[in-house]
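Listed below are the residues making up each chain.
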Amino acid sequence: MSSDMTLYWGSGSIPCWRVMICLVEKELSDYNSKLVSFEKKEQKSDEVMKINPRGQVPAFKHGDVVVNESMAICLYLENTFKNQGTQLLPDDPSQQALVLQRFMETQNIMDKAKALFFHRFRTKQEDWDQGYVGEKIKALAEELPLWENYLSQYGEGSFITGKDFTLADASLVPALAYLMRMKLPMKERFPCLASYYERVSDRPSVQSGWPPHWKDTPGYDYLKDV
Amino acid sequence: MASDMILYWGSGSGPCWRAMICLEEKGLSDYTSKLISFDNKEHKSDEVLKINPRGQVPAFQHGNVIVNESLAICLYLENTFKSQGTKLLPDDPAQQALVLQRAVESQDFREKAAYGVLSYFMRTKPEDRTEAMLEEKKKTCHEELQIWEGYLAKLGDGSHIAGKNFTLADACTFPFIATLVRMGFNLSRYPHLAKYYDLVKDRPSVKASSPPHWKDTPNKDTLKDI
């Protein structure tokens, strides 16, 4: 029952997007959707801080149950609504292990991409530390082939852990979208990932969480040199 | 059955310690323990790379099942051995949500409290360090510690990090509190954290998996003035 669910989220927040994907996959799409403005610092409002004292989104409430941290919310949703919607965590031990691992591993992509984004975003172009930037580009350039390799083991049309859409995809696709938003040349450099991204982007749950402001504005080209 | 389990780990690695605590708690203490030397770069050996292409520990194998990423290993162990040993993830939705949240939040503790200043010291040569950056790292460290002190204060004396009982959240967080203490941090400024540390450090699973080289050498004083 999602009418007693509330999600505070912000446009462009990858962790929020993961949660929104899981909500739709678990057939909970009529949750109360509370979009906050980062510009107005609404994530630090009393309303959000009551749910998440860290003043961060996603902040989630289900009846009396509060859950923050996107990974925790996703796991909570899968565990609590195991028998409805898409099965996001397989029962088979080997598959489950793989899904849990890839799910956690996606943080590597975000950490490396965010480091680059924030440096370039917060620093004037003339002050960009080329050494630091070079280092971060290298880190991302070494991270993505791992994922290209994970995916290329499976045939055309597969998901990141094989034949089924799982928590791992819910976490990965928004991260890839973030990279694309920053003009990472995915098609040229990582064709398997590019084709996966194009296909899974059309999934209704993924579409439901697409950052609204991304549709109207271009992204920065911070990752074009990866 | 732990005889078909292998864990590659390094002494002092918090993430490895998380996995080892869970193995002990689930009654799987007779796993095959493969201690690698970071100094000899054994985490990049072919043997480890075969399990974890990232060349990182913990790297875990259970029969034919491979799991890397400490949180994934912990969740896999709890899910697969649900009915034996300590219950690391409560069934009650509200309790489970809190445990999952704190377990994921322990990454913030790790990055900001345990390693904020430490990483800065380890990665930046003394001549390149700035007072401003150090102050920022110290501030972030203390802000994070205050958050956790608050969590424990609310739960009352004798509690664990997410409630009355020892759970996944404790397995994930404790190693990083212990890291602070090891590096000479004065925890007595945070009385609830200090009491919690004393409570959990003597738990059999924690003692059994404590970093071996910590037992043989005195604590450092790297963080004594932080």
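See the structure printed just above.
Reading guide: rules and limits
Residues numbered from 1 in each chain as written. Chains lettered and ligands numbered in written order. Predicted model: local features only at pLDDT ≥ 70, side-chain atom pairs only at ≥ 80, totals over all residues. Heavy atoms only, no water. Pairing = 2+ DSSP bridges. Helix = DSSP H or I, 4+ residues; strand = E, 2+ residues; numbered from the N terminus. Axes fitted to C-alpha atoms, helices over the stretch in contact; angles between N-to-C directions. Contact = heavy atoms within 4.5 Å. Parallel < 35°, antiparallel > 145°, perpendicular 65-115°, else oblique. Left-handed = near helix turned anticlockwise from the far one by under 90°. Nonpolar A, V, L, I, M, F, W, Y, C, P; charged D, E, K, R; others polar. 1 Å grid on protein atoms, 1.4 Å probe; cavity = no way out; pocket = protein on both sides within 12 Å on 5 of 7 lines; lining within 4 Å. Points joined across faces, edges and corners; volume = space filled by probe spheres on them. Core = buried A, V, L, I, M, F, W, Y, C linked by side-chain atoms within 4.5 Å. Buried < 20%, exposed > 50% of the residue type's maximum accessible area, 1.4 Å probe, protein only.

(A) Main features of the sheet that holds strand E4 (residues 65–68) of chain B. Residues and elements named next belong to chain B. Pairing is mixed in the open sheet, where four strands are placed in the order E2-E1-E3-E4. If you trace the sheet from one side to the other, it starts and ends with strand E2 (32–36) and E4, each paired once. On average, each strand axis in the sheet is tilted by 15° relative to the strand beside it, whichever way the strands run. Pairing between strand E3 (residues 59–62) and E4: four bridges, direction antiparallel. Counterpart to Phe 60 in the pairing with E4 is Val 67. Across the sheet, helix H1 (residues 14–25) touches strand E1 (5–10) and E3, and the angle it forms with E1 is around 145°. Where helix H3 (residues 70–80) meets the sheet, its contacts fall on E1, E3 and E4, and the angle it forms with E4 comes to roughly 135°.

(B) Main features of the packing of H1(B) against helix H7 (residues 168–182) of chain B. All names here are of chain B. One can describe the packing of H1 onto H7 by two numbers: an axis separation of 8 Å at closest approach and a directional angle of 140°. Considered as vectors, H1 and H7 are oriented oblique to each other. Like other packed secondary-structure pairs, H1 and H7 cross with a definite hand, here right-handed. Contacts between H1 and H7 involve Gly 14, Pro 15, Trp 17, Arg 18, Ile 21 and Cys 22 on the former and, on the latter, Leu 168, Ala 171, Cys 172, Phe 174, Pro 175, Phe 176 and Ala 178. Within the contact of H1 with H7, the residues separate by chemical class into 11 nonpolar, one polar and one charged.

(C) Up close: empty space enclosed by the protein. Across all of its chains, the model carries two cavities of 30 Å³ or more by this definition. If you trace the largest cavity, you find it lined by Leu75(A), Met104(A), Leu71(B), Leu75(B), Leu100(B), Ala103(B), Val104(B) and Leu168(B). When residues of the lining of the largest cavity are traced back to their parent elements, those giving at least two are H3 and helix H4 (93–114) of chain B. Among the elements that make up the lining of the largest cavity, the one with the highest residue count is H4(B) (three residues). Residues that form the lining of the largest cavity fall into these classes: eight nonpolar, no polar and no charged. Counted as a void, the second largest cavity has a volume near 30 Å³. Considering the residues around the second largest cavity, the lining is formed by Trp9(B), Gly10(B), Gly12(B), Ser13(B), Cys16(B), Trp17(B), Met20(B), Ser209(B), Ser210(B) and Pro211(B). Sorting the residues of the lining of the second largest cavity by element identifies E1 and H1 of chain B as the ones contributing at least two each. Of all the elements, H1(B) adds the most residues to the lining of the second largest cavity, at three residues. For the lining of the second largest cavity, a count of residues per class yields five nonpolar, five polar and no charged.

(D) Spatial organisation of the packing of helix H1 (residues 14–25) of chain A against helix H3 (residues 70–80) of chain A. Residue and element names in this part refer to chain A. At a closest axis distance of 9 Å, the pairing of H1 and H3 adopts a crossing angle of 5°. Taken together, the axis directions place H1 and H3 in an arrangement best described as roughly parallel. From H1, Pro 15, Arg 18, Val 19, Cys 22 and Leu 23 reach across to H3, where they touch Ser 70, Met 71, Ile 73, Cys 74 and Leu 77. In the contact of H1 with H3, the residues fall into eight nonpolar, one polar and one charged.

(E) Spatial organisation of the nonpolar core. Core analysis: the biggest nonpolar cluster contains 155 residues, and Leu77(A), Leu179(A), Leu77(B) and Leu168(B) have the highest contact counts within it. The contacts of Leu77(A), once residues within four sequence positions are left out, are Met5(A), Val19(A), Cys22(A), Leu23(A), Lys26(A), Leu28(A) and Phe60(A).

(F) Quick look at the pairing of strand E4 (residues 65–68) of chain A. Residue and element names in this part refer to chain A. Two strands pair when backbone bridges link them, and strand E3 (residues 59–62) and E4 are joined in this way by four bridges, in the antiparallel orientation. Following the sheet pairing, Phe 60 is matched in E4 by Val 67. Between the end of E3 and the start of E4, which pair antiparallel, lie two residues, with Gly 63 showing a positive phi angle near 65°.

By themselves these figures say nothing about function.
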